[in-house]
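Working through the structure, step by step
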Amino acid sequence: MKQTALVDLHLHLDGSLDLRWAYQRSKDLGIIAEDATYEDYYKIVFETKYKNREDGFQKFALMCDVLQSREDLFSATYDLVQRLNEQGLIYAEIRFASQQHTLGGLSQKEALEAVIAGAKRAMEELPEIHVGIIDALMHKGNSASVNHEENLLTVMNAKEFLGNGLVGIDLAGYENNCDFREYAPYFKKAEELGIPYTIHAGEMGIGEHVLQALEMHPQRIGHGIDCVQKEEILSEVIKTQIPLEICLTSNCRHKLPYMQHPIRELLKKGACVTVNTDNMTFSRTSLANEHDQLRLMGVPEEVLQQCTRNAILASFASEELKEELLDRAERIME
Ligand SMILES: [Zn+2]
């Protein structure tokens, strides 16, 4: 039987923790009551009703609470790579935002070092998988000035660690907080410094964000699905062949039926699509499951295989590693 090699370019560390580990650490650190059961914790994570989508981001804060020390960042990253390896991935780019991990006294740089160290240790032990780390700038409040210093620091740290565990940067958080273009200066800086970047855009209902992101010259777009709202946005996505990091289940958790997800339209019209998980824990998914859902939606195997090739080519891996990954993927997909 033909199969598809597994490459995930859009995977958040905080949204992909082993929940039992997060539960135990939450108890150890006094974040939840000593006598709280795993079921209690599970309910807090999965059944808390948020009044809107922005509010839903509190879920991530719950996970970031247990990721405030070097040891915990190291362990969580190491464990995630191990699980990805068990699932058969050959390459993954794991993203997190170092500025969300300074509540326990770590600097952004120390948080980044701990995540990179966890990834490196796992890779030493598990030669079948390669991973790269993406540090994300954050949307916070109603102006980019709210965390200007932090975002600038993310760019500068990225320059320092580029090629040494870190592969690029991103812009994450609730994307409708303020004028998207306020973030242009950070990416101009990244471009000057030769740092690859992807930008979350067109996930929260505003298709124009995809065009605004494209003006910042990213190598990829996170999600981008709202580009289907307008013909001129969609045609720009197709014309530029900007790789889209599509996260099917993650998008569908906001009450969108799988069959109404724009991925099939994007594939049919010739957009450059990659398949990703976004948040393995919050979306209760794996990359293999994402592929299975697409198969159930009628996406042919050769199209899934092309999505994997797209992902390898659009990855922030070195040219040498890309070649190796393409080779391995073709052997798996033979
Ligand atoms: Zn994301």
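Overview of the structure. Note that this is a predicted model, so its numbers are computed, not measured.

The helix and strand tally for the protein chain stands at 14 helices and 8 strands. Along the three orthogonal principal directions, the C-alpha set of the protein chain runs to about 50 × 45 × 40 Å. Within the protein chain, the fraction of its 334 residues that count as buried is 47%. Restricting the contact set of the protein chain to residue pairs at least 6 apart, pairs at least 24 apart contribute 71%.

Two elements in contact, helix H1 (residues 19–28) and helix H2 (residues 38–47), have axes separated by 10 Å at closest approach and are oriented at 105°. When the interaxial angle is binned, H1 and H2 end up roughly perpendicular. Facing H1, whose interface residues are Leu-19, Arg-20, Tyr-23 and Ser-26, H2 presents Tyr-38, Tyr-41, Tyr-42 and Val-45. Counted by class, the contact of H1 with H2 contains 6 nonpolar, 1 polar and 1 charged residues.

What follows concerns the sheet that holds strand S2 (residues 89–96). The strand order S1-S2-S3-S4 describes an open sheet built from 4 strands, whose pairing is parallel. At either margin of the open sheet sits one strand with a lone partner, and together these are strand S1 (6–12) and strand S4 (166–173). Direction aside, the axes of adjacent strands within the sheet are offset by 25° on average. Summarising the sheet, S1 and S2 pair through 5 bridges and their orientation is parallel. Of the residues in S2, the one forming a bridge with Asp-8 is Ala-92. Contacting S2, strand S3 (130–139) and S4, helix H5 (residues 108–125) crosses the sheet at an angle of about 160° to S3. Packed on one face of the sheet, helix H6 (residues 148–161) meets S3 and S4 and runs near 160° to S3.

Okay, the sheet that holds strand S5 (residues 198–201) next. Overall, parallel pairing links the 4 strands, which are arranged S5-S6-S7-S8 in an open sheet. Strands at the two margins of the open sheet, each flanked by one partner only, are S5 and strand S8 (273–275). Across the sheet, the mean angle separating the axes of adjacent strands is 30° when strand polarity is ignored. For S5 and strand S6 (residues 220–223), the ladder comprises 4 bridges, and the chain directions are parallel. Within S6, the position partnered with Thr-198 by the bridge is Arg-220.

What follows is about the pairing of S4. Summarising burial for S4: 8 of the 8 residues are buried, a large majority. Taken together, the 7 bridges between S3 and S4 define a ladder with parallel strand orientation. When the bridges of S4 are listed, Ala-136 appears paired with Asp-170. The parallel pair S3 and S4, bridged by H6, forms a crossover whose chirality is right-handed.

Attention shifts here to the environment of Gln-99. Secondary-structure assignment places Gln-99 in the loop between S2 and H5. The class for Gln-99 is buried, based on 22 C-beta atoms found within 10 Å. Between the alpha carbons of Gln-99 and Leu-153 there is a distance of 8.8 Å; along the sequence they are 54 residues apart.

Rules used in this analysis
- Residues numbered from 1 in each chain as written.
- Predicted model: local features only at pLDDT ≥ 70, side-chain atom pairs only at ≥ 80, totals over all residues.
- Helix = DSSP H or I, 4+ residues; strand = E, 2+ residues; numbered from the N terminus.
- Buried ≥ 20, exposed ≤ 12 C-beta atoms within 10 Å, placed from the backbone.
- Contact = placed C-beta atoms within 7 Å.
- Axes fitted to C-alpha atoms, helices over the stretch in contact; angles between N-to-C directions.
- Parallel < 35°, antiparallel > 145°, perpendicular 65-115°, else oblique.
- Nonpolar A, V, L, I, M, F, W, Y, C, P; charged D, E, K, R; others polar.
- Pairing = 2+ DSSP bridges.
- Right-handed = clockwise from strand over helix to strand, strands pointing away.

Interpretation in functional terms is not warranted from these geometric data alone.
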